[in-house]
Amino acid sequence: MDSEQHRSAAMHATTIILVKKAGETVIAGDGQVSLGQTIMKGNAKKVRRLGKGDVIAGFAGATADAFTLFERLESKLEQYPGQLMRACVELAKDWRMDRYLRRLEAMMLVADKSVGLVLTGSGDVLEPEGTGEGAVAAIGSGGNFALAAGRALLDSPLDAETIARRAMVIASEICVYTNQNVVVEKI
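Asker: What is the right way to look at the environment of Gly-116 in this model?
Answerer: Position of Gly-116 relative to the elements: it lies in strand E8 (residues 116-119). As for Gly-116 and Val-26, which are separated by 90 residues in sequence, their C-alpha atoms are 9.3 Å apart. Each residue touching Gly-116, except ones within four places of it in the same chain, is listed here: Leu-18, Lys-20, Val-110, Ala-111, Leu-126, Glu-127 and Pro-128.

Right, here's the structure in full:
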């Protein structure tokens, strides 16, 4: 596998899910770090709190790139306190226009008490489409599996955290780049 193939494969080798339901928002992610076909680590923390603890975020992609984006988002949150959407839009602008940032290979799910967003390197800041019950978004190699499971469970009596955890288990049973060592943050 050449380095370009490795870089694009690394971007998708994880699963992160965001579930909003009944006033609760959860982001959950697995802990597997893979290098090609080898599991390098099983307990990485890809979900964390940002700002003063009022924002949660999870990433899929190259770890160093994701940490760079976390740092940039934190500075935008300091610049625009209490305005997650504005901070994310400003980050997306920088991500698209800055020559260094454009090369970063990562995607992020971010949320505060009022909004959940998907951020991509192509400048997208997307709010997941929801139903009357809530909303679900997911990224990474197992993202579509987690997304489908989360949507299927959304109208059940389960809370947001339980839905996220069950969706992660389902994704881990299908996606070889996802494990069941799940980290959850909620607001």
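Read on for the rest.
Asker: Help me understand the pattern of salt bridges, please; the structure alone is not making it clear to me.
Answerer: Close approach of charged atoms allows side chains of opposite charge to pair. Scanning the entire structure with this criterion turns up eight salt bridges. Taking the shortest distance from any N to any O, the salt bridge between Arg-86 and Glu-90 comes out at 3.5 Å. On the criterion of helical spacing, the pair formed by Arg-86 and Glu-90 is a turn pair, its members being four residues apart in helix H3 (residues 84-97). Where Lys-93 meets Glu-90, a salt bridge forms, and the shortest distance between an N and an O atom there is 3.3 Å. Taken together, the residues Lys-93 and Glu-90, both in helix H3 and three residues apart, mark about one turn of the helix. Judged by relative accessible area, Glu-90 falls into the buried class, the value being 13%. Connected through salt bridges with shared partners, the residues Glu-24, Glu-161, Arg-165 and Lys-186 form a single ionic network.

Asker: Even after reading the chapter, I still don't get the sheet that holds strand E9 (residues 125-126), so can you show me in this structure?
Answerer: Sheets are built from strands paired through backbone hydrogen bonds, the pairs being either parallel or antiparallel. Read across the open sheet, the five strands follow the order E5-E6-E7-E8-E9; overall the sheet is antiparallel. In this open sheet, the two edge strands, each paired with only one partner strand, are strand E5 (47-50) and E9. As defined by bridge partners, strand E7 (residues 106-111) adjoins E8 across four bridges and the pair is classed as antiparallel. Each bridged residue has a counterpart across the sheet, and for Met-108 the counterpart in E8 is Leu-119. The sheet contacts of H3 involve strand E6 (55-61), E7, E8 and E9, and relative to E8 the element is tilted by about 0 degrees.

Asker: Got a minute to help me understand the sheet that holds strand E10 (residues 134-140) in this structure?
Answerer: Pairing within the open sheet is antiparallel, and its four strands lie in the order E10-E1-E2-E11. Two strands lie at the open edges of the sheet, namely E10 and strand E11 (183-186), each paired on one side alone. Ignoring strand direction, the axes of neighbouring strands in this sheet form an average angle of 15 degrees. Alignment of strand E1 (residues 15-21) against E10, held across seven bridges, turns out to be antiparallel. Paired with Lys-21 across the two strands is Gly-134, which belongs to E10. Sheet strands in contact with helix H5 (residues 143-154) are E1 and E10, and its direction is about 165 degrees off that of E10. Helix H6 (residues 160-174) rests against E1, strand E2 (24-29) and E11 of the sheet, and its axis sits at about 155 degrees to E1.

Thresholds, definitions, all that
- Residues numbered from 1 in each chain as written.
- Predicted model: local features only at pLDDT ≥ 70, side-chain atom pairs only at ≥ 80, totals over all residues.
- Heavy atoms only, no water.
- Helix = DSSP H or I, 4+ residues; strand = E, 2+ residues; numbered from the N terminus.
- Contact = heavy atoms within 4.5 Å.
- Salt bridge = Lys/Arg side-chain N within 4 Å of Asp/Glu carboxyl O.
- Buried < 20%, exposed > 50% of the residue type's maximum accessible area, 1.4 Å probe, protein only.
- Pairing = 2+ DSSP bridges.
- Axes fitted to C-alpha atoms, helices over the stretch in contact; angles between N-to-C directions.

Read these as geometric descriptors, not functional statements.
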